[in-house]
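# A structural walkthrough
Next come the chains, spelled out residue by residue.
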Amino acid sequence: MRVIVTGGDGYLGWPQAMYLSKRGYDVCVVDNFNRRLWDLEGGTESLIPIASLHDRVAAWRETSGKSIQIAVGDLTDYPFISGVVRDFKPDAVVHYGEQRSAPFSMIDRRHSVLTQVNNIVGTLNVVYSIRDHVPECHLVKLGTMGEYGTPNIDIEEGFIEITHNGRTDTLPYPKQPGSFYHLSKVHDSHNIQFTCKIWGIRATDLNQGVVYGVETDETMLDERLATRFDYDGIWGTVLNRFCIEAAIGHPLTVHGKGGQTRGYLNIRDTMRCIEIAIEKPAKPGEYRVFNQFTEQFSVAQLAELIQAAAKHKGRSVEIQHIADPRVEAEVHYYNAKHTKLIDLGLKPRLLSETLIDSVLDKVEHYKHRVKKDRIEALVNWRNTSNAIGYGTLSAKAEAEPEADAKPKPRISRAR
């Protein structure tokens, strides 16, 4: 089976490409290296050094004897992605190729627009390419549990049955996204569902929780095959941040009251979920949604788990509550359904002290690379302009009129 992995140079895209290649899939990786560029812009970098994509592919060929093709280009460039799809003729497209950081999308107007254009236009171009060249191809799209928000009712898997004024229908589950990034993913979902209806596209939308872990069977074969570990306030996840803080003796910084609850899953389970979706594809014209996570934790619970694991390793770390830079409920009800992937064969790897220990060991090995001033959250949701990166000026200058700006047009009124 032939599979395109968009965003194949990223945290999940790269290990996914190797995972599928190892299992006999013919894989083509698509990426434009924006993620690496955004690190340069923001003064951030992976804790674990990562090789270039070309070096990764060469190392994969050396260690596995298998080849992965590379296509370098931007998904917002339709002739590019259309040509790749036309020539490669995939049976499935695994779509990781989007800007995936909520804080990045909230930096300022430019980063908000960049996120929306990159994600929505890129996804539309992928769907059009499938329709134009390989209409039987299955789109496996990485969505996010953040599309749902934190409603005061149970979260279903994509759809909910509604009875209103005596009539009943099954409708898309109401969305309450919490950032411009999450809003872009909601628009993706609507666009994909629409194209399934009008063109008969087959698509699986995987609303994924927060992924943790950096090691898979494939990344462990050679250090050049490693994937990234982000811990900073723009790209890092809360679990990664806590592990870094524990390793360097910094208090575990809980934003607000710590009741923010989300779904989590191991990176190895992410790899398997994608494989399950490919193995058992949606039917032509079907738009299906799976909630892709295995456990739910609050931020405070995660802090306590990391604190306990660190204590067993002889490290005493405190938990410190700080102001929440996001506009969100700090304590709320959260009960999301996630049975469909398990019904299809997923056997979850649950977060345990053993797994946390392995992450802490990895962090300990690389802690000399930690930049302490990158841990603090940089972006405040309440501001329309935040610092673009660590050690850089804020983006407020964008709002100032440029010296050579054209004068405003005069409006004449009829008398």
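Just above, that's the structure.
Here is what the cut-offs are and how they apply
Residues numbered from 1 in each chain as written. Predicted model: local features only at pLDDT ≥ 70, side-chain atom pairs only at ≥ 80, totals over all residues. Heavy atoms only, no water. Buried < 20%, exposed > 50% of the residue type's maximum accessible area, 1.4 Å probe, protein only. Helix = DSSP H or I, 4+ residues; strand = E, 2+ residues; numbered from the N terminus. Contact = heavy atoms within 4.5 Å. Pairing = 2+ DSSP bridges. Axes fitted to C-alpha atoms, helices over the stretch in contact; angles between N-to-C directions.

### Here's the deal with helix H1 (residues 13-22)
- H1 sits mainly inside the fold: 9 of its 10 residues count as buried.
- Regarding H1, the residues found buried are Gly-13, Trp-14, Pro-15, Gln-16, Ala-17, Met-18, Tyr-19, Leu-20 and Ser-21.
- Lining the buried residues of H1 we find strand S1 (2-6), strand S2 (26-31), helix H3 (53-64), strand S3 (68-72) and helix H9 (267-279).
- In the stretch just after H1, Gly-24 is the one whose phi turns positive, near 95°.

### Digging into the sheet that holds S3
- In spatial order, the strands read S3-S2-S1-S4-S5-S8-S12; together these 7 strands make up an open sheet with parallel pairing. Since the sheet does not close on itself, it has two edges, and those belong to S3 and strand S12 (287-292), each with one partner. Direction aside, neighbouring strands of the sheet carry axes that sit 20° apart on average.
- Sheet analysis places S2 next to S3, joined by 5 bridges and oriented parallel. Of the residues in S3, the one forming a bridge with Val-29 is Ile-70.
- The sheet contacts of helix H4 (residues 78-88) involve S1, S2 and S3, and relative to S2 the element is tilted by about 175°.
- Across the face of the sheet, helix H7 (residues 180-199) comes into contact with strand S5 (138-144), strand S8 (202-208) and S12 while running at roughly 155° to S5.

### Quick notes on the pairing of strand S10 (residues 252-255)
- Residues of S10 alternate between two faces, with Leu-252 and Val-254 on one and Thr-253 and His-255 on the opposite face, all of them buried.
- Pairing of S10 with strand S14 (residues 319-322), which is carried by 4 bridges, proceeds in the parallel orientation. Of the residues in S14, the one forming a bridge with His-255 is Ile-322.

Purely geometric stuff here, so don't read any function into it on its own.
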